[in-house]
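Structural description and commentary
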Amino acid sequence: MLQPMSDPLVDHLSDRWGGPTGTRARSGRGSARGAARILTALTAMGVLLALLASQYCRINGWGGTGVYHWGCYSDVSALWASRDFDQHPWAPFLSSYSGFEYPALTMFLASAVASATHGVDGVLGGTALDYWGERTGLLYWDLTFLAGALAWFVLTLAVLKAAGARPWNAAIVALSPAIIFGVGINWDIFPAAALALAVLFCLRRKWLIAGVLLGIGASFKLYPLFLLGAVFTLAARTLLRKEKGDDAVEWADCARMAVGGVLAWTLINVPVMVTNFSAWSEFYVFSAERGAGWSSIWQVWGVISGSALSADAVSGWSFALFAASCAAVLVIGVTARQRPDVVQLLLLIVAAFMIFNKVYSPQFMLWLVPLIALAGLRLRDVLIWHVFQLLHFWAIWMHLAAQVSEAEPQHLFDEKIYVAAVFGHVLSTVYICVMVIRNMYRTQSVSSASSP
């Protein structure tokens, strides 16, 4: 097990505000039950802050430029009508309605909540409890947010368990501004929770269960699949460096995880493929054919150069650079002085995917939060990353508001600021990766989680 290290910033703030450490202070894990209660309360506070951050849109609706100015835009509310959920809750699975460009389990979740929305509206509509009136999209957003809040609690507690000797690192997840501002935009909190659970069982060497959770996460969103790449890297290290010990990752472990992932993914996806293949493939076709999206390095390249790259060029460069990054992670994982944590390797892979992806949606920032919490980074580094992510969060909304506004140019957001914010979010993620790599090559790791 890798031993935790004290954080200089935390020590400084603790001594400055709480006084020097007393002689009766205890170190170690402390009361796990007490930590869980406090972290649950902190997560509840985070959920409340996230709800308050969306109040403008809940009150005034999700139309017009106000959604950008107040930073409460949501795909969930936008897709309620544009993807025909308001007409039929299971519209994504039916050929007679609009397509839904998300993986199978997100399709199911969105439709299940839409079904609940129609049901609640049918029973309570017109009664004293009917606060949404004709705005069923508000009810749909609220029910989706409620489900996301439950996933947020799961995410925090999973990080608490996975953090080992540093359970309070889970407070980063409970009160992360990235989650507070990002949880209501899309369905990304659900794959994040599934991936955190997969990491937890991976650390406990429950490879088959970890694989099942990986398959569930990959059915929500593609990126949880990268956990398998991190485990593959550790297995390769064991083989090439001839490492021994109970905590060494073997090829058999990697195979068990892969089997669990394939089984879970197959059970979820094949029924959809059989019943409506075009609906199932919508996500993959859309992802393959789309060009440079907002806040990606490819879109900014087009802004700076004045010549946008073609969709094929973006696809080729994006895949090539991500593949090269994965190869680099493999080399780093094998050559590091001390066996890296699976979380450290996973963070590097997910970060590379985010940097070179065709699009960087504002909610993507919450993908890294649980991994940052588990990777043993200093609080200073966590705060630096969050600052630049939030700067980008507001910059992209102001930039989009300028695109649709009819105001005079002097009253609109300068495009140069938007470009600088994109560079900021990319460089802050690169900075986090550099810190993780530096920790890997140190003799003593600062990681908080148990190895693998």
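Reading guide: rules and limits
Residues numbered from 1 in each chain as written. Predicted model: local features only at pLDDT ≥ 70, side-chain atom pairs only at ≥ 80, totals over all residues. Heavy atoms only, no water. Salt bridge = Lys/Arg side-chain N within 4 Å of Asp/Glu carboxyl O. Helix = DSSP H or I, 4+ residues; strand = E, 2+ residues; numbered from the N terminus. Buried < 20%, exposed > 50% of the residue type's maximum accessible area, 1.4 Å probe, protein only. 1 Å grid on protein atoms, 1.4 Å probe; cavity = no way out; pocket = protein on both sides within 12 Å on 5 of 7 lines; lining within 4 Å. Points joined across faces, edges and corners; volume = space filled by probe spheres on them. Nonpolar A, V, L, I, M, F, W, Y, C, P; charged D, E, K, R; others polar. Axes fitted to C-alpha atoms, helices over the stretch in contact; angles between N-to-C directions. Parallel < 35°, antiparallel > 145°, perpendicular 65-115°, else oblique. Left-handed = near helix turned anticlockwise from the far one by under 90°. Contact = heavy atoms within 4.5 Å.

What follows covers the pattern of salt bridges. According to the stated counting rule, one finds 9 salt bridges in the structure shown. Measuring nitrogen to oxygen at the nearest pair gives 2.8 Å for the salt bridge that ties arginine 237 to glutamate 243. In this structure, arginine 256 and aspartate 253 form a salt bridge, with 3.0 Å as the shortest nitrogen-oxygen distance. Taken together, the positions of arginine 256 and aspartate 253, both in helix H13 (residues 251–275) and 3 residues apart, correspond to about one turn of that helix. The exposure class of aspartate 253 is buried, given its relative accessible area of 6%.

Attention now moves to empty space enclosed by the protein. Where empty space is left in the structure can be found by rolling a water-sized probe over the atoms. Taken as a whole and judged by the stated rule, the model has 6 cavities of 30 Å³ or more. Taken as a whole, the largest cavity spans an internal volume of roughly 80 Å³. Along the wall of the largest cavity there are 14 residues; nearest its centre are Ser54, Gly71, Cys72, Phe181 and Gly184. Those elements that place two or more of their residues in the lining of the largest cavity are helix H2 (32–53) and helix H9 (177–182). Residues that form the lining of the largest cavity fall into these classes: 10 nonpolar, 4 polar and no charged. Counted as a void, the second largest cavity has a volume near 60 Å³. In this structure, the second largest cavity is lined by Val76, Trp141, Thr144, Phe145, Gly148, Val183, Gly184, Asn186, Trp187, Ile189 and Phe190. Broken down by element, the lining of the second largest cavity gets its largest block of residues, 4 residues, from helix H7 (residues 136–162). Split into classes, the residues belonging to the lining of the second largest cavity amount to 7 nonpolar, 4 polar and no charged.

Look at helix H16 (residues 311–335) against helix H17 (residues 342–356): their axes get within 9 Å of each other, and the N-to-C directions meet at 165°. When the axes of H16 and H17 are compared, the pair comes out roughly antiparallel. Crossing angle aside, the handedness with which H16 passes H17 is right-handed. Along its contact with H16, which presents Ser318, Leu321, Phe322, Ser325, Cys326, Val329 and Gly333, the element H17 presents Leu345, Leu348, Ile349, Ala352, Phe353 and Phe356.

These figures capture arrangement, not role.
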